[in-house]
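These are the residues of each chain, in order.
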Amino acid sequence: MNSIPVLHFLYLSIILFSIGLFGVLIRKNAISVLMGVELMLNAVNINYLAFAKYWNWNTLTGPVFVVFVITIAAAEAAVALAIIISIYRQMKSTNVDEVHYLRG
Amino acid sequence: MINYSAFLPELFLVMAAILILVVELFLTPTSRRTILSWIAFLGTLAALLSLSCLSGSCPAGCNLGNGTEVAFNGFLKTDGLSLFFKMVILLATLLTLLMTFRYFKTHNTPYPAEFLAILLFSASGATALTSAQEIITLYIALETLTISSYLLASFMKKDKGSNEAGMKYLLLGAFSSALLLFGFSYLYGLTGTTVIAEIAKSLAMQASSPLAVFALILIVGGLAFKISLAPFHMWTPDVYEGAPTPVTAFLSVASKTAGFAAFIRLFWVGLNVPALQPVWVGLFGVLAALSIILGNLEAIPQKNIKRLMGYSSIAQAGYISTGFLAIGPMGLTAVLFYLFVYLFANMGVFLAIVIVSNKTGSEQIEDYAGMWKRSPLIGMVLLVCLLSLAGVPPFAGFSGKWYLFGAAISKGYVWLALVGMSFSVVSLYYYLQVVRQALIVDPKDSSPISISPLEKLVLVACVVITVTLGFWPKPVMDLAQAAASSLF
């Protein structure tokens, strides 16, 4: 049976990862930065599933890791949004550049 | 059948944290802070005592096993090495709890239970990280530690600094976790396993490939964020300054210790293969040298003592990485000994900062003027602990650095040891700025500072340990050697 080669998944994930990385580096809004991080984490998930397919799907290591990554990403997003809302209440902005109360 | 003793300390911490959250519901706001602090304290103390039972040579004779406990198919293994790391982390947690009690007297929070519970969850993540033998376990423990730390850093909701510290820590922390995971995914792709020892076996049979080097760089970058090695250190000063002081103290010791534990498991066991070892050793050499240079130079102009300690901790991470590069029992012993010394010196300074800022409401170095006259003990702590961090001879920091640089030289990293030594001299300048204010300059306000008996006891203990280990490092060195022997 023909199926999509593993390498194609890897190309997809590296493209997704680069988009996420680019977003993190150039975006000023904290929520956009967070979205960039989520893209990077999704690239990781694609990688794991692709490699799980390449090695041995039956050991479930790859899929299990993906479930954990999704769970932890959800926890991280919850904490992140709480902190960003708290910042917005204080400073009326979620721009990373405008939040600079601490200076050396 | 699950072997519970492999994660007994974590179990105590998590149980205490849950107990705090439940008990809080039945208490009145006036009495709860004391009671909840005691629960947290006893839980951490129980975890600390359980380490002695787990070590297989308990003085009280209540031994559990023979020093190595394995659970979950070997994914979690508590051996002598992880017991030493756990001891450092739990001692740091105990001292943080003491600071928390004082800190919340002036910085009132309506949520003391949540703070204590999150602190204990964070500590349980840090201790679990030291036993992780597998990448998924390692990642989950790491995230338990860091996600809780984001919350702790931004805990003072009404305080702009604390909020900003939390946001910066979170964005950079999440970013570094993503880098680390991407690296891990390629590691899994190359080897088909997530068990660290199996990864080593599989990698040893492969030639060096660009993909492996790429994965390695991502992993080094991701983890270097966590222990604030330059050039991944930009979050450190802001977070250290903005976070509540007990949290800063916790991050500076517990989080760093856990990070080094992960480094040793991952790099010394998993990636110590001929094809990859020169690459990461080279990377770490550069990172360690950069941390020592940048950390020490940027600390010089600082006016805020917490920010100064932030830069100082970057430099300290650089020194410890110097020992980390000397792969072998000697390097490991040096790293463990230095972490122990660093724990008491740093915690002593932070306890003094909490007590002083509780009275004066200031964290500026110039407000430490005449501290010697206002409280001789705090003057003494600042003198001994800061000079120990600088590595001045009679104190423990000197013997610690002696072992670190000695291990590095024995493995041929003479240049790195020279960088470390010469920048230790630079560091003396900014540490002495604080000591000069405290001991020589006349006080602007000479009202005495009151210290509770327990705090006095801890401050004296920090001074005594820091001085004693300088003259007589043998007891802790023996302990560190025994811990190191479980890896070699």
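Since the structure is predicted, the reported quantities are computational estimates derived from the model, not experimental observations.

## As for the overall build of chain B
So, point 1. In terms of regular secondary structure, chain B is built from 19 helices and 2 strands.
So, point 2. Whereas a compact globule of 488 residues would reach a radius of gyration of roughly 23 Å, chain B reaches 21 Å, a difference of no more than 12%.
So, point 3. Its C-alpha atoms put chain B at 70 × 55 × 45 Å along the principal axes.
So, point 4. By residue count, 61% of the 488 residues in chain B fall in the buried class.
So, point 5. Considering only residue pairs separated by 6 or more positions, chain B has 80% of its internal contacts joining residues 24 or more positions apart.

## Considerations on the overall build of chain A
So, point 1. A count of helices and strands for chain A gives 3 helices and 0 strands.
So, point 2. Listing every helix and strand of chain A by position from the N terminus yields α-α-α.
So, point 3. Each principal axis of the C-alpha distribution contributes one length, and for chain A these read about 60 × 25 × 25 Å.
So, point 4. Looking at the 104 residues of chain A, the share that counts as buried comes to 32%.

## Section: the interface of chain A and chain B
So, point 1. Contacts between the two partners involve 35 residues from chain A and, on the opposite side, 33 residues from chain B.
So, point 2. It is helix α3 (residues 61–91) of chain A that provides the largest number of residues to the side of chain A that touches chain B, a total of 17 residues.
So, point 3. Residues of the side of chain A that touches chain B, tallied by class, amount to 27 nonpolar, 7 polar and 1 charged.

## Remarks on the environment of Asn346(B)
All names here are of chain B.
So, point 1. In this structure, Asn346 sits in helix α13 (residues 329–360).
So, point 2. On a C-alpha basis, the gap between Asn346 and Ala396 in space is 12 Å, while along the polypeptide they are 50 residues apart.
So, point 3. In contact with Asn346, not counting residues within four places along its chain, are Ala249, Ser252 and Val253.

## A short note on the domain arrangement of chain B
Bring the parts together and some accessible area is lost; that lost area is often taken as the interface size.
Residue and element names in this part refer to chain B.
So, point 1. Taken domain by domain, chain B comprises domain 1 (1–271) and domain 2 (276–488).
So, point 2. Each of domain 1 and domain 2 was reduced to a C-alpha centroid, and the two centroids are 21 Å apart.
So, point 3. The interface is formed by 46 residues belonging to domain 1 together with 50 residues belonging to domain 2.
So, point 4. For the side of domain 1 that touches domain 2, the elements supplying multiple residues, two or more each, are α3 (80–106), α8 (210–226), α9 (235–242) and α10 (245–270).
So, point 5. Here the side of domain 1 that touches domain 2 gets 14 residues from one element, more than from any other, and that element is α3.
So, point 6. Split into classes, the residues belonging to the side of domain 1 that touches domain 2 amount to 31 nonpolar, 10 polar and 5 charged.

## Points about the confidence of the model for chain B
So, point 1. Per-residue pLDDT for chain B has a mean of 92; in total, 100% of the residues score no lower than 70.
So, point 2. What the predictor reports for the complex is a pTM of 0.95 with an ipTM of 0.94.

## Remarks on the packing of helix α15 (residues 376–390) of chain B against helix α17 (residues 414–439) of chain B
Helix packing geometry: the angle between the two helix axes and the distance between the axes.
Residue and element names in this part refer to chain B.
So, point 1. Close contact between α15 and α17 brings their axes to 9 Å; oriented N to C, the two are set at 175 degrees. Judged on the interaxial angle alone, α17 and α15 are roughly antiparallel. Here Gly379, Leu382, Leu383, Leu386, Leu387, Leu389 and Ala390 of α15 come into contact with α17, specifically with Ser424, Ser427, Leu428, Tyr431, Val434, Val435, Ala438 and Leu439.
So, point 2. Partitioning the contact of α15 with α17 into residue classes produces 12 nonpolar, 3 polar and no charged.

## Focus on the nonpolar core
All names here are of chain B.
So, point 1. In terms of nonpolar packing, the biggest core is built from 219 residues, with Leu129, Leu382 and Leu386 touching the most fellow members.
So, point 2. When residues are assigned to domains, this core turns out to be shared by domain 1 (1–271) and domain 2 (276–488), each giving three or more.
So, point 3. Residues contacting Leu129, with those up to four places away along its chain left out, are Leu138, Ala141, Leu142, Leu145, Ala258, Ala261 and Ala262.

## A word on the environment of Ser52(B)
So, point 1. Position of Ser52(B) among the secondary structure elements: in helix α2 (residues 32–54).
So, point 2. Separated by 389 residues in sequence, Ser52(B) and Val441(B) place their C-alpha atoms 45 Å apart.

## Examining α8(B)
All names here are of chain B.
So, point 1. Between the first and last C-alpha of α8 there are 25 Å, a value that for 17 residues agrees with the 24 Å anticipated at 1.5 Å per step.
So, point 2. Within α8, 12 of the 17 residues are buried, which leaves the element mostly enclosed by the surrounding structure.
So, point 3. Residues of α8 that are buried include every one of Ala212, Ala215, Leu216, Leu218, Ile219, Val220, Gly221, Gly222, Leu223, Ala224, Phe225 and Lys226, and no others.
So, point 4. On its buried face, α8 sits against α5 (135–153), α6 (160–191), α10 and α11 (277–299).
So, point 5. Taken from the residues just after α8, Ser228 is the one with a positive phi, measuring 55 degrees.

## Examining the packing of α11(B) against α17(B)
All names here are of chain B.
So, point 1. In the contact formed by α11 and α17, the axes pass within 9 Å of each other and the chain directions differ by 15 degrees. Classified by the angle between their axes, α11 and α17 sit roughly parallel to one another. α11 and α17 meet at a crossing whose hand is left-handed. Note on element contacts: α17 touches α11 through Leu416, Val419, Gly420, Phe423, Val426, Ser427 and Tyr430, opposite Gly285, Ala288, Ala289, Ile292, Ile293, Asn296 and Ala299.
So, point 2. Partitioned by chemical class, the residues of the contact of α11 with α17 number 10 nonpolar, 4 polar and no charged.

## Observations concerning unusual backbone geometry
Residue and element names in this part refer to chain B.
So, point 1. Note the cis peptide between Ala230 and Pro231, where omega equals 0 degrees.
So, point 2. Its location among the elements puts Pro231 in the loop between α8 and α9.
So, point 3. Phi at Phe72 takes a positive value of approximately 55 degrees, unusual for a residue other than glycine.
So, point 4. Checked against the element boundaries, Phe72 lands in the loop between β1 (69–71) and β2 (76–78).
So, point 5. According to the C-beta neighbour criterion, Phe72 is partly exposed, with 14 such atoms within 10 Å.
So, point 6. The phi angle at Ser228 is positive, at roughly 55 degrees, despite the residue not being glycine.

Conventions adopted
Residues numbered from 1 in each chain as written. Chains lettered and ligands numbered in written order. Predicted model: local features only at pLDDT ≥ 70, side-chain atom pairs only at ≥ 80, totals over all residues. Helix = DSSP H or I, 4+ residues; strand = E, 2+ residues; numbered from the N terminus. Rg over C-alpha atoms; globule rule 2.2 N^0.38 Å. Buried ≥ 20, exposed ≤ 12 C-beta atoms within 10 Å, placed from the backbone. Contact = placed C-beta atoms within 7 Å. Nonpolar A, V, L, I, M, F, W, Y, C, P; charged D, E, K, R; others polar. Domains from an automatic or database assignment. pLDDT = per-residue confidence, 0-100. Axes fitted to C-alpha atoms, helices over the stretch in contact; angles between N-to-C directions. Parallel < 35°, antiparallel > 145°, perpendicular 65-115°, else oblique. Core = buried A, V, L, I, M, F, W, Y, C linked by C-beta atoms within 7 Å. Expected span 1.5 Å × (residues − 1). Left-handed = near helix turned anticlockwise from the far one by under 90°.

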